[in-house]
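Listed below, chain by chain, are the residues.
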Amino acid sequence: MEALGARANFSLTASDIDSKVLATAARGVYRLDGMKGIDAGRMQRFFLRGKGSNEGMAKIKPELSQFIEFLIVNLIHDDWPFKEPFDVVFCRNVMIYFDAPTQRKVLERIHRVMKPGALLFVGHAENFSDSRDLFVLKGKTVYERR
Ligand SMILES: C[S@@+](CC[C@H](N)C(=O)[O-])C[C@H]1O[C@@H](n2cnc3c(N)ncnc32)[C@H](O)[C@@H]1O
């Protein structure tokens, strides 16, 4: 939103295999003591501070959450529901659970749902340089889709 300014018009799809994880994410409620890295301006613009029994918590405002949809997706099944190709994908700390052939299949699927030149952000312990036919390493944990 900050990068796009007043013209902000984007959609963000958040997915997981676990419906409980998605429900927690969709609530958008966070403990304040885990939000110390967020500056005061952003806190005020994007979050509501809890009062009374919600003291010590903050909830994301609809002005930001309206752009997010939450979908159950099993990355290792080939029936992904995504419609539009993505400009950016964050797939962090999930592939570590998969063996190498499964990682390759998932990477091929991720490649298919991205625009050429789109960016893939992965976790710090993840390395997909074996799939350089699909992605070019741009930074420590950032790949560009070919
Ligand atoms: C270690 S957490 C990482 C969460 C987040 N990406 C992060 O970096 O903080 C791993 C997540 O992957 C999800 N997951 C595990 N297997 C999956 C699969 N086959 N398809 C989709 N999500 C999966 C789990 O439910 C869990 O929420």
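Residues numbered from 1 in each chain as written. Predicted model: local features only at pLDDT ≥ 70, side-chain atom pairs only at ≥ 80, totals over all residues. Heavy atoms only, no water.

Chemist: What am I meant to see in the sheet that holds strand β4 (residues 57–60) here?
Modeler: Whether parallel or antiparallel, the strands of a sheet pair through hydrogen bonds between backbone atoms. The antiparallel open sheet is built from 3 strands, whose spatial order is β2-β4-β3. Strands at the two margins of the open sheet, each flanked by one partner only, are β2 (29–31) and β3 (47–49). Here the average twist between neighbouring strands, direction ignored, is 30°. Taken together, the 3 bridges between β3 and β4 define a ladder with antiparallel strand orientation. Residue pairing in the sheet places arginine 49 in a bridge with alanine 58 of β4. (Pairing = 2+ DSSP bridges. Helix = DSSP H or I, 4+ residues; strand = E, 2+ residues; numbered from the N terminus. Axes fitted to C-alpha atoms, helices over the stretch in contact; angles between N-to-C directions.)

Chemist: Would you take a moment to explain the nonpolar core for this structure?
Modeler: In summary, soluble globular proteins display a tendency toward joint burial of nonpolar side chains. Trp80, Met95, Ile110, Leu120 and Phe135 are the most contacted members of the largest nonpolar core, which has 21 residues in total. Sorting the residues of this core by element identifies β6 (86–91), α4 (100–112) and β7 (114–122) as the ones contributing at least two each. Here this core takes 4 residues from β7, the largest share from any one element. Counting residues in each nonpolar core, the second largest holds 10 residues, with Ala8, Phe46, Leu64 and Phe67 among its members. (Core = buried A, V, L, I, M, F, W, Y, C linked by side-chain atoms within 4.5 Å. Buried < 20%, exposed > 50% of the residue type's maximum accessible area, 1.4 Å probe, protein only.)

Chemist: Sorry, what's going on with the site of the ligand here?
Modeler: With respect to spatial proximity, the complete set of residues near the ligand consists of Asp16, Ile17, Asp18, Val21, Val73, Asn74, Leu75, Arg92, Asn93, Val94, Tyr97 and Phe98. Relative to its unbound accessible area of 600 Å², the ligand is 65% covered by the protein chains. Spatially, the ligand is embedded in the largest pocket. Here the shell around the ligand spans two domains, since at least three of its residues come from each of domain 1 (5–65) and domain 2 (73–145). (Near = heavy atom within 4 Å. Areas by Shrake-Rupley, 256 points an atom, 1.4 Å probe, with all protein chains shown as cover. 1 Å grid on protein atoms, 1.4 Å probe; cavity = no way out; pocket = protein on both sides within 12 Å on 5 of 7 lines; lining within 4 Å. Sits in = over half its atoms within 2 Å of the grid points. Domains from an automatic or database assignment.)

Chemist: Even after reading the chapter, I still don't get the packing of aromatic side chains, so can you show me in this structure?
Modeler: Going through the model one piece at a time under the given rule, you end up with 6 aromatic pairs. Geometrically, the ring pair formed by tryptophan 80 and phenylalanine 82 is edge-to-face, given 5.7 Å between the ring centres and 75° between the ring planes. Look at tryptophan 80 and you get buried, because its relative accessible area is 16%. By relative accessible area, which is 18% here, phenylalanine 82 ends up buried. Each ring, one from phenylalanine 90 and one from phenylalanine 121, has its centre 4.8 Å from the other, and the planes form 20°; the classification is stacked. Linking phenylalanine 90 in strand β6 with phenylalanine 121 in strand β7, this pair joins segments that are 31 residues apart in sequence. We classify phenylalanine 90 as exposed; its relative accessible area is 59%. With a relative accessible area of 25%, phenylalanine 121 lands in the partly exposed category. Here the aromatic residues Trp80, Phe82 and Phe86 are joined through ring pairs into a cluster of three or more. (Phe/Tyr/Trp six-rings, centres within 6.5 Å; stacked < 30°, edge-to-face > 60°.)

Chemist: Sorry, what's going on with the layout of surface pockets here?
Modeler: By rolling a water-sized probe across the atoms, one finds the places where empty space is left. Empty space within the largest pocket amounts to approximately 1700 Å³. Forming the boundary of the largest pocket are 48 residues, of which Leu12, Thr13, Ala14, Val88 and Phe90 lie nearest the centre. Looking at the lining of the largest pocket, the elements with two or more residues in it are β1 (12–16), α1 (19–27), α3 (62–65), β5 (68–72) and β6. For the lining of the largest pocket, the element with the most residues is β6, which contributes 6 residues. Class assignment for the residues of the lining of the largest pocket results in 34 nonpolar, 7 polar and 7 charged. Here the lining of the largest pocket spans two domains, and each of domain 1 (5–65) and domain 2 (73–145) adds at least three residues to it. (Points joined across faces, edges and corners; volume = space filled by probe spheres on them. Nonpolar A, V, L, I, M, F, W, Y, C, P; charged D, E, K, R; others polar.)

So yeah, pure geometry; function would need other evidence.
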